[in-house]
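Secondary and tertiary structure notes
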Amino acid sequence: MKTRKSFCFHITLIASYMLILASSCTQEKNNPSQNNTEITETSSTTLVATPDFNADSAYQYIAKQISFGPRVPNTASHVQCADYLARQMKKYGATVIEQDFTATAYDGTVLRAKNIISSYNLAANKRILLAAHWDTRPFSDEDPKAPQKKFDGANDGASGVAVLMEIARCINASNMKPVVGIDMIFFDVEDYGMPNVQDSYCLGSQYWGKNKHTPQYSAYYGILLDMVGAKGAVFSKEYQSMMVAPSIVNLVWSKAAMLGYDKYFINQTVSSITDDHVYVTRYTNIPMIDIIEYHPNKGFGSYWHTQADNLQVIDKATLKAVGQTLLQVIYSEK
Ligand code: AHN
Ligand code: ZN
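Basis of the calculations
Residues numbered from 1 in each chain as written. Chains lettered and ligands numbered in written order. Predicted model: local features only at pLDDT ≥ 70, side-chain atom pairs only at ≥ 80, totals over all residues. Heavy atoms only, no water. Helix = DSSP H or I, 4+ residues; strand = E, 2+ residues; numbered from the N terminus. Buried < 20%, exposed > 50% of the residue type's maximum accessible area, 1.4 Å probe, protein only. Contact = heavy atoms within 4.5 Å. Areas by Shrake-Rupley, 256 points an atom, 1.4 Å probe, with all protein chains shown as cover. Donors = N, O, S within 2.8 Å, 3.2 Å for Na, K, Ca; no water. Polar contact = N/O pair within 3.5 Å; in protein donor to acceptor, adjacent residues only side chain to side chain. Lys, Arg positive; Asp, Glu negative; His and termini not counted. Salt bridge = Lys/Arg side-chain N within 4 Å of Asp/Glu carboxyl O. Near = heavy atom within 4 Å. pLDDT = per-residue confidence, 0-100. Phe/Tyr/Trp six-rings, centres within 6.5 Å; stacked < 30°, edge-to-face > 60°. Expected span 1.5 Å × (residues − 1). Pairing = 2+ DSSP bridges.

**Looking at the overall build of the protein**
A tally of regular secondary structure across the protein gives 10 helices and 8 strands. Put simply, the protein has 334 residues, and 57% of those count as buried. Relative to all contacts within the protein whose residues are 6 or more apart in sequence, the contacts with residues 24 or more apart total 79%. Of the roughly 14500 Å² of accessible surface on the protein, 54% is carried by carbon and sulfur atoms.

**Side note on the coordination of the zinc ion (ligand 2)**
Protein coordination at the zinc ion (ligand 2): the donors are Asp156 (OD), Asp191 (OD), Asp191 (OD) and His305 (NE2), at 1.9 to 2.8 Å from the metal. In terms of primary sequence, the donors binding the zinc ion (ligand 2) are separated according to D-x34-D-x113-H. Taken together, the residues span a long stretch of sequence, with aspartate 156 in helix H5 (residues 154-173) and aspartate 191 in the loop between strand S4 (181-187) and helix H6 (203-210) at a distance of 35 residues. The class of aspartate 156 is buried, set by a relative accessible area of 2%. Exposure remark for aspartate 191: the relative accessible area of 2% places this residue in the buried category.

**Quick word on the side chain of aspartate 315**
For aspartate 315, the position within the fold is in the loop between strand S8 (288-292) and helix H10 (316-332). Judged by relative accessible area, aspartate 315 falls into the buried class, the value being 19%. Polar contacts involving the side chain of aspartate 315 include one to the main-chain amide nitrogen of alanine 317, which spans 2.9 Å. Each residue touching aspartate 315, except ones within four places of it in the same chain, is listed here: Gly229, Ala230 and Lys231.

**Observations concerning the side chain of aspartate 135**
Among the structural elements, aspartate 135 can be located in the loop between strand S3 (127-133) and H5. No salt bridge is formed by the buried aspartate 135; the nearest opposite charge belongs to arginine 137, separated by 7.8 Å. A distance of 3.3 Å separates a polar atom in the side chain of aspartate 135 from the backbone nitrogen of valine 189. For aspartate 135, the side chain forms a polar contact with the main-chain nitrogen of aspartate 191, separated by 2.9 Å. Ignoring any residue separated from it by four or fewer positions in sequence, one finds aspartate 135 in contact with Arg71, Pro73, Asp156, Gly157, Phe187, Asp188, Val189, Glu190, Asp191 and Tyr192.

**Some points on the site of ligand 1**
Neighbouring ligand 1 are the residues Asp156, Glu190, Asp191, Tyr201, Asp226, Met227, Ile273, Thr274, Phe300, Trp304 and His305. A distance of 3.1 Å is found between a nitrogen atom of ligand 1 and a side-chain nitrogen or oxygen belonging to aspartate 156. The separation between a nitrogen atom of ligand 1 and a polar side-chain atom of histidine 305 is 3.3 Å.

**Here we look at the confidence of the model for the protein**
Considering every residue of the protein, the mean pLDDT works out to 90; 87% of them sit at 70 or more. Throughout residues 1-30 the model reports pLDDT below 50, and contacts reaching past four residues in sequence, or to other chains, amount to 14 contacts.

**Points about the packing of aromatic side chains**
As enumerated under the stated definition, the model contains 13 aromatic pairs in all. Residues tyrosine 294 and phenylalanine 300 carry aromatic rings whose centres are separated by 5.1 Å and whose planes lie at 90° to one another, so their mutual orientation is edge-to-face. Owing to a relative accessible area of 21%, phenylalanine 300 belongs among the partly exposed residues under this scheme. An aromatic cluster is built from Phe187, Trp208 and Tyr217, whose rings are joined through pairwise contacts.

**Looking at the pattern of salt bridges**
Charged atoms that come close allow side chains of opposite charge to pair. The tally for this structure, following the rule as stated, stands at 12 salt bridges. Here lysine 114 makes a salt bridge to aspartate 100, at a shortest N to O gap of 3.1 Å. Of this pair, lysine 114 sits in strand S2 (residues 110-120) while aspartate 100 is found in strand S1 (residues 95-104), placing the two residues 14 residues apart along the sequence. Classification of lysine 114 by relative accessible area gives buried; the value is 14%. Here aspartate 100 falls in the exposed class, since its relative accessible area comes to 52%. Of the charged contacts, one joins aspartate 199 and arginine 282 as a salt bridge, the two residues approaching to 3.6 Å between their closest N and O atoms.

**Describing helix H3 (residues 55-67)**
With 13 residues, H3 should cover 18 Å at 1.5 Å per step; its first-to-last C-alpha distance of 18 Å lies within 8% of that length. Its side-chain oxygen at 2.9 Å from the backbone nitrogen of aspartate 56, asparagine 54 defines the N-terminal cap of H3. Of the residues trailing H3, glycine 69 is marked for its positive phi of about 100°.

**Some remarks on helix H8 (residues 246-258)**
Here H8 is 13 residues long and its end C-alpha atoms lie 18 Å apart, about the 18 Å a rise of 1.5 Å per residue gives. Listing the buried residues of H8 in full gives Ser247, Ile248, Val249, Leu251, Val252, Trp253, Lys255 and Ala256. Glycine 260, located one to two residues past H8, shows a positive phi value of around 90°.

**Re the pairing of S2**
By the criterion of burial, S2 is predominantly enclosed, with 9 of the 11 residues buried. Connecting S1 to the antiparallel partner S2 that follows it, the hairpin turn spans 5 residues, and glycine 108 within it adopts a positive phi of roughly 90°. Of the pairings in the sheet, the one linking S2 to S4 comprises 5 bridges and is antiparallel in character. Paired with isoleucine 116 across the bridge in S4 is phenylalanine 186.

This is how it looks when you write it as structure tokens:
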């Protein structure tokens, strides 16, 4: 008679066989958006072992970025923060490329800019691209009292970078490593734009999309983080992300739900948001989604582009929800 143990073993074997069958249906490694429904469905019902995302550490990376002052292009704070970011990513074992360029803003100002690209496991063909912008908007134009003033950009800018830095620290510190290659890009000059001026935002991702750090570079898919650390944040399914990579949006949202973060990652679709993912997909064809705080009825958080976007708006529980979900997503890719 079969023991319970061997019964379970057989179930495991059958499950593995089904997984192998499903994986053998995979065609090319890049761009899952048009196919692979089975793969995504299979992998989205399981959780894997990952390092533990430390939200205290992520919070400190936000505080450190803010300590340089607003990271507005053509300021000393901007240069000093870039040096810090590149130095930290090297410390966490990444291969780092600093891509210097100039960008002309909507008002003709020539901005000295830098995208920072950090890579893990360069030998892997299958790669996941993670990104966030590291610059700060030069004015808090949504603040009725101080529309011309610089601001901290704790959430708008620093939070996404901080989550990626903590993931880098985790990858480096843990004996568990992702199977796939990981590239993290800190885009510059995302926020030096003017509402209603076409393509005036996202100058760093526009530059990178037309001048990739490695000409042949591609990725299986990309995930952009923007405003991922505020108290009470919700992440809606953004329309452009749903158009180019619905399976990736649903994969991320289902991993979040399995980890108990469904109050942050809500099952609601909202209209398109112009952000770095749009230009990455436009110029490189890499399907990229945006995890961005956006409330179905009221839009961005009330702190958005105001003086209130400072450390006080940051909630470690939000950083944890996003960071742990991302670790789950990248460690489950095979
Ligand atoms: C616009 O407001 C056009 N897009 C939102 C992108 C953004 C600005 N993310 C952060 N700041
Ligand atoms: Zn902004």
